[in-house]
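Listed below, chain by chain, are the residues.
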Amino acid sequence: TIVPLSFGEIRRTTARQFFTNEWDHIILPDRSVRVWLPPEYDEQRATGYPTLYIHDGEGLMRDGPKSWGLDRTLTQLIAAGSIEAPIVVMVDSTGRDGFDIGAAPVLRRRWLEYGGSPLLGDRYLSFIADELKPTIDERFRTLPAPEFTSTMGSSMGGLCAFLSVWQRPEVFGAAACLSPVFQMPLVTDVALNGGDRLRGTRLYIDNGGDTPERKVTNRLPSSDVRQPTARTCTSRHAAFRPIPRAP
């Protein structure tokens, strides 16, 4: 399905068509996959594009139930020459699927898929890296190398974005982790082993902002900062630098 927007175009499909065996629909329930193409995609037929894979894809553009307005922002940044035009692949989450006690969530499938759990987390990441990405590379004019393949998410999606470059650096070369839910075992593993495993990886990590009850200093690991919002990891020793507040 093609959904034209004022800013680019979305091509919509489902995850099911990428599944490779009959058990996939049990381990990974079907969900929407949206592919956003920049406004000039159909005209620039000799151009290859970097690709950004985003988790919780249902909340990003105006064809979904809620919107970050990402299509408008990307189009404005492309027009200003601030970024290279990307192809954006948005994978929906399973929403509130899980187990509750009363109104309190106890367990969410999304937490397991995005959190690197041995069954659902491993399968979700292998679906993105080994089935979805090769098909996207085949159907669209992508630049398939890791240095042109990024991933992004917020909260548990931010954790999943980091796990993508941590576990599959041969596929993903950059990650944007917005208020990620890092757990201590992962933090310890990264502190001890991150120098070699993240060498050359570009990371953006933020931890949100202030609330009336609590003040949080926005910081970014920056041992080798090339842009205000990006870091190339070169060693396990990282300093932290406050990011100026947006005007």
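Residues numbered from 1 in each chain as written. Predicted model: local features only at pLDDT ≥ 70, side-chain atom pairs only at ≥ 80, totals over all residues. Heavy atoms only, no water.

## Quick notes on the overall build of the protein
- Scanning the protein for helices and strands turns up six helices and 14 strands.
- Counting only residues that meet the buried cut, the protein has 47% of its 247 residues in that class.
- In the protein, of all internal contacts separated by at least 6 residues, the share reaching a separation of at least 24 is 62%. (Helix = DSSP H or I, 4+ residues; strand = E, 2+ residues; numbered from the N terminus. Buried < 20%, exposed > 50% of the residue type's maximum accessible area, 1.4 Å probe, protein only. Contact = heavy atoms within 4.5 Å.)

## Topic: helix H5 (residues 156–167)
- An ideal rise of 1.5 Å per residue puts 16 Å on twelve residues; H5 measures up with 16 Å between its terminal C-alpha atoms.
- The buried fraction of H5 is high, at eleven of twelve residues.
- All of the buried residues in H5 are Met156, Gly157, Gly158, Leu159, Cys160, Ala161, Phe162, Leu163, Ser164, Val165 and Trp166. (Expected span 1.5 Å × (residues − 1).)

## As for the pairing of strand E8 (residues 149–154)
- Burial within E8 is extensive, with five of its six residues counted as buried.
- Two strands pair when backbone bridges link them, and strand E4 (residues 51–55) and E8 are joined in this way by four bridges, in the parallel orientation. Bridge assignment links leucine 52 to a residue of E8, and that residue is serine 150.
- Sheet topology places E8 next to strand E9 (residues 174–178); five bridges connect them, and they run parallel. Counted as the bridge partner of glycine 153 is cysteine 177 from E9.
- Chirality of the crossover, the property in question, places the unit of E8, H5 and E9 among those that are right-handed. (Pairing = 2+ DSSP bridges. Right-handed = clockwise from strand over helix to strand, strands pointing away.)

## Regarding the state of the cysteines
- Counting across every chain of the model gives zero disulfides.
- Between cysteine 160, a cysteine without a disulfide, and cysteine 177, which holds the nearest cysteine sulfur, the sulfur-to-sulfur distance is 9.7 Å. (Disulfide = S-S within 2.5 Å.)

## Looking at the side chain of threonine 142
- Within the secondary structure, threonine 142 is located in the loop between helix H4 (120–139) and E8.
- On the accessibility criterion, threonine 142 (11% relative accessible area) is buried.
- Polar contacts involving the side chain of threonine 142 include one to the side chain of aspartate 137, which spans 2.7 Å. (Polar contact = N/O pair within 3.5 Å; in protein donor to acceptor, adjacent residues only side chain to side chain.)

## Considering the nonpolar core
- Within the largest apolar cluster, 50 residues are counted, with the highest numbers of intra-cluster contacts made by Met61, Ile87, Val88, Val89, Ile128, Leu132 and Phe172.
- Where this core is concerned, the elements lending two or more residues are strand E3 (32–37), E4, helix H2 (70–79), strand E5 (87–91), H4, H5, E9 and strand E10 (202–206).
- Element by element, the count of residues in this core is highest for H5, at eight residues.
- Excluding residues within four positions of it along the chain, isoleucine 128 makes contact with Tyr53, Val91, Lys133 and Phe172. (Core = buried A, V, L, I, M, F, W, Y, C linked by side-chain atoms within 4.5 Å.)

## Some words on the pattern of salt bridges
- With the rule as written, the count across this model stands at nine salt bridges.
- For the salt bridge of glutamate 131 with arginine 123, the shortest nitrogen-to-oxygen distance reads 2.7 Å. Across this residue pair, the class does not change: glutamate 131 and arginine 123 are buried.
- One salt bridge in this structure joins aspartate 130 and arginine 168, with 2.8 Å as the shortest N-O distance. Here aspartate 130, found in helix H4, pairs with arginine 168, found in the loop between H5 and E9; they are 38 residues apart in sequence, far enough to count as distant.
- Judged by relative accessible area, arginine 168 falls into the buried class, the value being 17%.
- The structure contains a network of salt bridges with shared partners spanning Asp130, Arg168 and Glu170. (Salt bridge = Lys/Arg side-chain N within 4 Å of Asp/Glu carboxyl O.)

## As for the pairing of E10
- Within E10, four of the five residues are buried, which leaves the element mostly enclosed by the surrounding structure.
- Bridge count for E9 against E10 is five bridges, and the pairing is parallel. Bridge pairing links alanine 174 to arginine 202 in E10.
- Considered for its hand, the β-α-β crossover made up of E9, helix H6 (residues 184–197) and E10 is right-handed.

## Describing empty space enclosed by the protein
- On inspection of all chains with the given rule, the structure shows one cavity of 30 Å³ or more.
- Taken as a whole, the largest cavity holds about 40 Å³ of empty space.
- Secondary structure elements with two or more residues in the lining of the largest cavity: helix H3 (109–114), H4 and H5.
- A class-by-class count of the residues in the lining of the largest cavity yields five nonpolar, three polar and one charged. (1 Å grid on protein atoms, 1.4 Å probe; cavity = no way out; pocket = protein on both sides within 12 Å on 5 of 7 lines; lining within 4 Å. Points joined across faces, edges and corners; volume = space filled by probe spheres on them. Nonpolar A, V, L, I, M, F, W, Y, C, P; charged D, E, K, R; others polar.)

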